[in-house]
Structure formats: C-alpha cells, structure tokens
Amino acid sequence: MPTRPRPLVAVRLIGPTAAITAHATTIAAQLTAHYGRKRVTCRTSTRPAGYSGESRSYITITSKEAPHG
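Residues numbered from 1 in each chain as written. Predicted model: local features only at pLDDT ≥ 70, side-chain atom pairs only at ≥ 80, totals over all residues. Heavy atoms only, no water.

A.B. asks: I'm lost on the sheet that holds strand β2 (residues 40-48) in this one. Help?
C.D. replies: Across the sheet, which stays open at both edges, the 3 strands sit in the order β1-β3-β2 with antiparallel pairing between neighbours. Among the strands making up the open sheet, the edge pair consists of β1 (9-16) and β2. Between one strand axis and the next, the sheet turns through 15° on average, direction left out of account. Where β1 and strand β3 (residues 54-63) come together, 8 bridges link them in antiparallel fashion. Following the sheet pairing, V9 is matched in β3 by I61. (Pairing = 2+ DSSP bridges. Helix = DSSP H or I, 4+ residues; strand = E, 2+ residues; numbered from the N terminus. Axes fitted to C-alpha atoms, helices over the stretch in contact; angles between N-to-C directions.)

Following this line, the structure appears as structure tokens:
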C-alpha cells in the first residue's frame, strides 16, 4: 500500500461551525496559493466537534508526487 508524503503543513480548527467553515476555506486557499497550486495538494475535512453547533476542520498541504514514467 503506497504511503502519503509527510504534510508540509497540517492545521486543525475547532469552533462554531459557521466560523470554522469560513476560516477553513480561506486558510486552505491561502496555503495552496503560497506553496503553489501546481506543486501541492490541499486536503480538507470537517467533522462535528464535542459540543453542539461546533465543528473540527482539518487542512493538510502535501507536495505532489513526481509523475511516474
């Protein structure tokens, strides 16, 4: 099973769902632009948090693997 490369950046946000959704979108876009859209892959996932009305969002930025030839 192939392993994923180690993330360049990993971010976890926890808080009110509306705020987390907006911040996660902005942060993911800024990190992707900073590292270069052609050079990195950005993955995000959002899950419920421990309290009602709150969410956890995870953002990871990894280098794209070189094409195999």
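A.B. asks: So what exactly am I meant to see when it comes to the nonpolar core here?
C.D. replies: The nonpolar side chains of a soluble globular protein tend to be buried with one another. Listed in full, the 9 residues of the largest apolar core are V9, L13, I20, A24, A28, L31, V40, I59 and I61. Counting residues per element, this core draws most heavily on helix α1 (residues 17-35), which supplies 4 residues. Aside from chain neighbours lying at most four places away, what touches I59 is V9, A10, V11, L13, A24, I27, A28, L31, C42, R43 and T44. (Core = buried A, V, L, I, M, F, W, Y, C linked by side-chain atoms within 4.5 Å. Buried < 20%, exposed > 50% of the residue type's maximum accessible area, 1.4 Å probe, protein only. Contact = heavy atoms within 4.5 Å.)

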